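Next come the chains, spelled out residue by residue.
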Amino acid sequence: MTKKIGFIVGSLREGSYNKKVAQTFENLFPETVEVGYLEIGQLPFYNEDLDTEGNVPQTWTDFRNEAASYDGFVFFTPEYNRSVPAVLKNAIDVGSRPYGASIWDGKPALVVSTSIGAIAGFGANHHLRQSLAFLNMPTLQQPEAYIGNVSNLLEETGEFPEGTVGFFQTITDAYVAFFNKLTN
Ligand code: FNR
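Keep in mind that what you see is a predicted model, and the values were worked out from it rather than measured. (Residues numbered from 1 in each chain as written. Predicted model: local features only at pLDDT ≥ 70, side-chain atom pairs only at ≥ 80, totals over all residues.)

A few words on the overall build of the protein chain. Counting its regular elements, the protein chain contains six helices and five strands. Order of helices (α) and strands (β) in the protein chain, N terminus to C terminus: β-α-β-α-β-α-β-α-β-α-α. Taken against the 2.2 N^0.38 rule, which gives 16 Å for 184 residues, the C-alpha radius of gyration of the protein chain at 16 Å falls within 12% of a compact globule. Once the C-alpha set of the protein chain is aligned to its principal axes, its extents read approximately 50 × 40 × 25 Å. Within the protein chain, the fraction of its 184 residues that count as buried is 32%. Look at the contacts in the protein chain between residues 6 or more apart in sequence, and 81% of them connect residues 24 or more apart. (Helix = DSSP H or I, 4+ residues; strand = E, 2+ residues; numbered from the N terminus. Rg over C-alpha atoms; globule rule 2.2 N^0.38 Å. Buried ≥ 20, exposed ≤ 12 C-beta atoms within 10 Å, placed from the backbone. Contact = placed C-beta atoms within 7 Å.)

A few words on the environment of Ala-67. Inspection of the secondary structure puts Ala-67 in helix α2 (residues 58–68). Look at Ala-67 and you get buried, because 20 C-beta atoms sit within 10 Å. As for Ala-67 and Lys-3, which are separated by 64 residues in sequence, their C-alpha atoms are 13 Å apart. The contact partners of Ala-67, leaving out residues within four places of it in the chain, are Gly-6, Leu-38, Gly-95 and Ile-103.

The next subject is the site of the ligand. Inspection of the region around the ligand gives 15 residues, with Ser-11, Ser-16, Asn-18, Pro-78 and Gly-117 positioned closest. Of the residues in the shell around the ligand, the class split is five nonpolar, seven polar and three charged. (Near = placed C-beta within 6 Å. Nonpolar A, V, L, I, M, F, W, Y, C, P; charged D, E, K, R; others polar.)

To continue, consider helix α3 (residues 86–96). When α3 is considered as a whole, its buried residues turn out to be Leu-88, Ala-91, Ile-92, Val-94 and Gly-95. Down the axis of α3, the buried side of the element spans an arc of 165°, and every buried residue falls inside it. Of the surrounding elements, those touching the buried residues of α3 are β1 (3–9), α2, β3 (72–77) and α4 (122–134). (Arc of directions from axis to C-beta.)

As a further point, take the nonpolar core. Taken as a class, soluble globular proteins show a tendency for nonpolar side chains to be buried jointly. If you look at the biggest cluster of nonpolar residues, it comprises 38 residues, and the most contacted ones within it are Val-74, Phe-75, Phe-76, Leu-110 and Val-112. The residues touching Val-112, leaving out its near neighbours within four places in the chain, are Val-21, Val-74, Phe-75, Phe-76, Ala-145 and Ile-147. (Core = buried A, V, L, I, M, F, W, Y, C linked by C-beta atoms within 7 Å.)

Mapped onto this numbering, the UniProt entry annotates "domain: NADPH-dependent FMN reductase-like" (unreviewed entry) at residues 4–149. Within the segment residues 4–149, helix and strand shares are 31% and 18% respectively, and the terminal C-alpha atoms sit 31 Å apart. (UniProt positions renumbered as here; feature names shortened; annotations may be inferred.)

Moving on to the sheet that holds β1. Spatially, the five strands line up as an open sheet ordered β2-β1-β3-β4-β5, and their pairing is parallel. Each edge of the sheet is formed by a strand with only one pairing partner; in this case those strands are β2 (33–37) and β5 (145–147). Geometrically, the sheet is characterised by an average inter-axis angle of 20° between neighbouring strands, direction not taken into account. (Pairing = 2+ DSSP bridges. Axes fitted to C-alpha atoms, helices over the stretch in contact; angles between N-to-C directions.)

What follows concerns unusual backbone geometry. Arg-97 connects to Pro-98 through a cis peptide bond whose omega is 0°. Within the secondary structure layout, Pro-98 lies in the loop between α3 and β4 (109–114). Along the chain, Gln-142 connects to Pro-143 via a cis peptide bond; the corresponding omega equals -5°. Take Pro-143: it is sitting in the loop between α4 and β5. Despite not being glycine, Asn-81 has its phi angle at roughly 50°, a positive value. For Asn-81, the location among the structural elements is in the loop between β3 and α3. You can call Asn-81 exposed: it has 8 C-beta atoms within 10 Å. Notably, Arg-82 is not glycine yet its phi reads approximately 65°, a positive angle. Mapping Arg-82 onto the fold places it in the loop between β3 and α3. By C-beta crowding, Arg-82 is classed as exposed, having 12 other C-beta atoms within 10 Å.

Rendered as structure tokens:
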């Protein structure tokens, strides 16, 4: 069966740079894997009181079921105040519960941080890695995927230049090799 990799974009913004980066990465994955996007903006904030029989929001259940069908995840994160946006952290929290039924457990991850700033979302990238370590998600360490000054990188056509796409391809190839080793 074809293995599935889930893309999760931590920005809800229509013109999101992180979304653009994700769309560019999408085309670089080999046909041996299937890539799909998981929506996270519809998820109510995690509240343990709701995670009880008869009270679980349908959107949480749908998200958990869908996410469970993926074999690995690529997180595209902006940086909000030197950390991950709340919407992304919330999706991680929703997927991690109920206790003992985390949909993240053991699944290989890639973290790509993108920012209009020069630090390239380093703070968000590493805060996210802290959660993924706890969630037992083996995460690609090298090459690191920091996309800084993103608004200057894009060409007038709205696309990334060849050199940047080549860098994205290097990251994708390393992640796919890592993913294959861990899921085969
Ligand atoms: C930001 N931005 C930002 N950038 C950064 O490099 N470090 C930061 O800590 C922050 N903090 C921050 C907080 C909040 C609340 C907002 C809305 C924005 C700027 C951020 O990089 C920029 O808005 C990006 O364009 C967000 O990514 P998307 O939406 O384009 O994918």
